[in-house]
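These are the residues of each chain, in order.
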Amino acid sequence: MSIPHAPGPLPEGKMIDYQIVLVLSLVHFTGDFYSAFFTPLLPAFQAKLSLTLTQVGLITGTVRFLSFVVQPVVGYMADRYETRWFVLTGLFLVFFAIPFSGIAPNYWILLTTLCLGSLGSSMFHPSTSGMVNVYAGNRAGFAQSIFNTGGTLAFALGPVFITWYVSRFGLSAMPWTMILGLISFMFCLKYMPKPVSENMAGLGFINSLKHTFGKVYKTVFLIWLVMVLRAVVGQTFLTFMPIYLTLHGHPLPSVGVIIALFTIAGTLSGLTAGYCADRFGFTPVFFLSYLLMPPTLLMFLYMPGLGAYAGSFLSGFFVLAPMPLGVVMAQKLAPGSRAMAASLMMGLAYGLGGVIAPGIGWLADVYGLTIVLKCTAFIPLVCLVPIALFPKIK
């Protein structure tokens, strides 16, 4: 079987290669679909294995660390070596390891299966995200948004599927779900092209960082800071939304729908933001998104009854809209290391946003959940100053 090879970045003005972008988006969707299984199943794991809250917290913290914080190192390796195996091995680990968590006989095997899946997630994310720009032509923002939509849609559908599946067939039937991943894996094995390395074989990790970001590190840091703060806001609301809604009288089915609306809105806004960024520039889209986050988040907190549905959709639309844009901006500023740039903006920024979540929870215990959520809603306004300093990139 011949393996298609990336011909290098498409010339300026050439149309986007939708076929390859969609294959890469399928990798993103499949991996994140399985990665989304463990969170909604934590109560089932806890009941089956009699887990303590400390053990549950260790699972969550370890998974987030392995899935996101280690991505810069993997991004460096992906830029250094011209191989598909970072993507294919990572995808295999996710769809093969995570389903076996359903038959884990004890805590340590459960932790091992989830850690292997999380390690796989950290392997395919920077590699595939770095490849998107090669096939984007003159539509880098839109192409990255398509890729990002694959992951966002997976995190919306994965919990719905696995909770239905386990409710119907039980945890012991989870290994059968790997059939879906195997089908996707075989398709990607056939059609995913071989990436083009960034010629960093002679550089170490630190030197590659200097080579990649040396002249633009201040600008890249501003973008990264804005992305971290966005992640703090998004992760805080996604983590504590169920508790907040339950305290305000919403039944569990209603809570699930409201959270799904938040995530689904992000699939639409990501595409919209990418399209607008290609036409009008990145800075205006960033500015508008961060300006409208606070009022829509407050709308979600203050609107009673059915208003929570509209508030969740609108706030999710603006909170998740900038996710692909930070990746594209960093890649345009540092084209010599697309995978590492993607890992910093998508992996490390998102991971730090999740790591901070326990501290937000402590503040909620001390000062009350509603007050903390209201204060968190105003964080995006702090980002307007660094956004104003962004260079004009189109």
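Refer to the structure presented above.
Computed from a predicted model, the values in this text were never measured in an experiment.

Rules used in this analysis
- Residues numbered from 1 in each chain as written.
- Predicted model: local features only at pLDDT ≥ 70, side-chain atom pairs only at ≥ 80, totals over all residues.
- Heavy atoms only, no water.
- Helix = DSSP H or I, 4+ residues; strand = E, 2+ residues; numbered from the N terminus.
- Expected span 1.5 Å × (residues − 1).
- Bend = angle between axes of the 7 residues up to and from the residue.
- Phe/Tyr/Trp six-rings, centres within 6.5 Å; stacked < 30°, edge-to-face > 60°.
- Buried < 20%, exposed > 50% of the residue type's maximum accessible area, 1.4 Å probe, protein only.
- Axes fitted to C-alpha atoms, helices over the stretch in contact; angles between N-to-C directions.
- Parallel < 35°, antiparallel > 145°, perpendicular 65-115°, else oblique.
- Left-handed = near helix turned anticlockwise from the far one by under 90°.
- Contact = heavy atoms within 4.5 Å.

Engineer: Please explain helix H10 (residues 217–247) as it appears in this structure.
Structural biologist: Every α-helix carries 3.6 residues per turn, so stepping three or four residues along brings you back to the same face. If you check H10, its first and last C-alpha atoms are 44 Å apart, about what 31 residues at 1.5 Å a residue would give, namely 45 Å. The largest bend in H10 amounts to roughly 45° and is located at Phe-240, with the proline Pro-242 lying one to four residues further along.

Engineer: Explain the packing of aromatic side chains to me, please; I cannot follow it from the model alone.
Structural biologist: Two aromatic rings, taken as a pair, are described by how far apart their centres are and by the angle between their planes. A full pass over the atoms with the stated rule returns 25 aromatic pairs. Taking the centre distance of 5.6 Å and the plane angle of 20° together, the rings of Phe-29 and Phe-33 count as stacked. One end of the pair is Phe-29 and the other is Phe-33, both in helix H1 (residues 18–35) and 4 residues apart, which spans about a single turn. Exposure remark for Phe-29: the relative accessible area of 23% places this residue in the partly exposed category. With a relative accessible area of 10%, Phe-33 lands in the buried category. Look at Phe-286 and Phe-390: their rings are 5.4 Å apart centre to centre, the planes differ by 90°, and that puts the pair in the edge-to-face class. With Phe-286 in helix H12 (residues 282–302) and Phe-390 in the segment after helix H19 (384–388), the pair connects residues that are 104 residues apart, well separated along the chain. Taking the relative accessible area as the measure of exposure, Phe-390 reaches 6% and is therefore buried.

Engineer: Explain the packing of H10 against H12 to me, please; I cannot follow it from the model alone.
Structural biologist: The N-to-C vectors of H10 and H12 enclose an angle of 15°; their axes lie 13 Å apart at closest approach. Here H10 lies roughly parallel to H12, going by the angle between them. For H10 against H12, the interelement crossing comes out left-handed. Contacts between H10 and H12 involve Val-226, Met-227, Arg-230, Val-233, Phe-237, Met-241, Tyr-244 and Leu-245 from the former and Phe-286, Tyr-290, Met-293, Leu-297, Phe-300 and Leu-301 from the latter.

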